[in-house]
Amino acid sequence: GGNGSSPPKPTFPYTWVSEAQLDLNARYLVKGLIEPGSFNLIFGPSGSGKSFFTADLAQHIATGQSWRGKKVNQALVVYIASEAGASIIKRFIAWRDNRIGESAECIPLAVITRSPNLIGGTDGEKLKEQLAYMQDEAKLPVGWVVFDTLSRAIPGGDENNAEDMTQVIGHADDLRETFKCSTGFVHHSGKDVTAGARGHSSLFAAADLVIRVSDRLGVVEKVRDGVSGETFPFSLEPVDLGTDADGDDVTSCLLSHEGTSMPTKPNLKGIGKNQRLVLEYLRPLIRETGVKNSGTSVIPAGVLVASFEALCDRMQPLYTGEVTPEGFD
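Described in the following lines is the structure provided in the data block.

What follows is about the packing of helix α1 (residues 50–63) against helix α2 (residues 87–100). Where α1 contacts α2, the axes come no closer than 11 Å and their chain directions differ by 50°. One way to sum up the angle between α1 and α2 is to call them oblique. For the pair α1 and α2, the sense of crossing is right-handed. Residues Ser51, Phe52, Ala55, Gln59 and Thr63 of α1 lie in contact with α2, whose contacting residues are Arg91, Phe92, Trp95 and Ile100. Residues of the contact of α1 with α2, tallied by class, amount to five nonpolar, three polar and one charged.

Set out below in structure tokens:
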């Protein structure tokens, strides 16, 4: 109006396309995988190694070491280990003492052993205050905030409830806006890993990156601008950390990368029960016995192949009748 007051400041950020600039130097965390300000979901059944897998990513981001050939920008990582609590510190010590050694004076990786509650209350605000404090301490911007696990971050909440999940996603968005950081949620899947992550579909929809971990294998199920279907095999090796007061060994595990990553995810939509079964048996067979193929008119060179006879041998106990190639229609 004519009273000289300025119009209210807009609530929502906006950009005029005529003035938009492409930020070619936006600091990805893991190139082609974890982009700046992204929402990441890493899920799998209990005991699949998903926490080890996530911690391995966290360790590489905090030290700035390239991860499986992908470039990494170093950033402060805050790992909220509400599921394993203090016992997860043991894993990080095992990694530090065995993999980092003398250069471990200052690693910008911190573990919070009690989760803020992301439903209702003021924990979200308190977490932001603490992250700002930790940034000052580390003298490095926070890059990745990991919640392990999602269900522990919503005590009393329900991961199948759209409203509760919307609150969680809202908190993640808030962190990303405040710190320009990415968030990672470690999440249990049900027994049937092919059915996807447990919980409300809004979670999967909101995610920029989804990695499924099962049987010591990470598979990229969804990624905004990279290659979905990439696979990341790993193994866990026991390691001794010393002895306790009773003279018993204190042990943990170290994660080792195995093999190369390549898109291998078959499209399982619309395939029958028997075909799924064959795939289920074929994957470990290829992992254990696969040999690089020199190339045919149908199979490109370098693809791992296993023999049909070996597959029949493995699957024989499932079928009472004779298993022949014709039996796999």
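What follows concerns the nonpolar core. Grouped together as the largest cluster of nonpolar side chains are 37 residues, with contacts concentrated most on Leu33, Ile34, Phe53, Leu57, Ile61, Tyr79 and Trp144. Elements supplying a minimum of two residues to this core: α1, β2 (76–80), α2, β4 (142–148), β6 (209–214), β7 (217–223), β8 (231–243) and β9 (249–257). No other element matches the seven residues that α1 contributes to this core. Judged by nonpolar contacts, the second largest core, of 29 residues, contains Leu118, Leu150, Ile169 and Leu203.

Attention shifts here to helix α6 (residues 273–289). Here α6 is 17 residues long and its end C-alpha atoms lie 24 Å apart, about the 24 Å a rise of 1.5 Å per residue gives. Along α6, the positions that sit buried rather than exposed are Val278, Leu279 and Leu285. Buried residues in α6 make contact with α7 (308–315).

Looking now at the pairing of β7. Counting buried positions along β7 yields seven of seven residues, so the element is predominantly enclosed. In textbook terms, the turn of a hairpin is the stretch between consecutive antiparallel strands, and for β6 and β7 this stretch comprises two residues, one of which, Asp215, has a positive phi near 50°.

About the cut-offs
- Residues numbered from 1 in each chain as written.
- Predicted model: local features only at pLDDT ≥ 70, side-chain atom pairs only at ≥ 80, totals over all residues.
- Heavy atoms only, no water.
- Axes fitted to C-alpha atoms, helices over the stretch in contact; angles between N-to-C directions.
- Helix = DSSP H or I, 4+ residues; strand = E, 2+ residues; numbered from the N terminus.
- Parallel < 35°, antiparallel > 145°, perpendicular 65-115°, else oblique.
- Left-handed = near helix turned anticlockwise from the far one by under 90°.
- Contact = heavy atoms within 4.5 Å.
- Nonpolar A, V, L, I, M, F, W, Y, C, P; charged D, E, K, R; others polar.
- Core = buried A, V, L, I, M, F, W, Y, C linked by side-chain atoms within 4.5 Å.
- Buried < 20%, exposed > 50% of the residue type's maximum accessible area, 1.4 Å probe, protein only.
- Expected span 1.5 Å × (residues − 1).
- Pairing = 2+ DSSP bridges.

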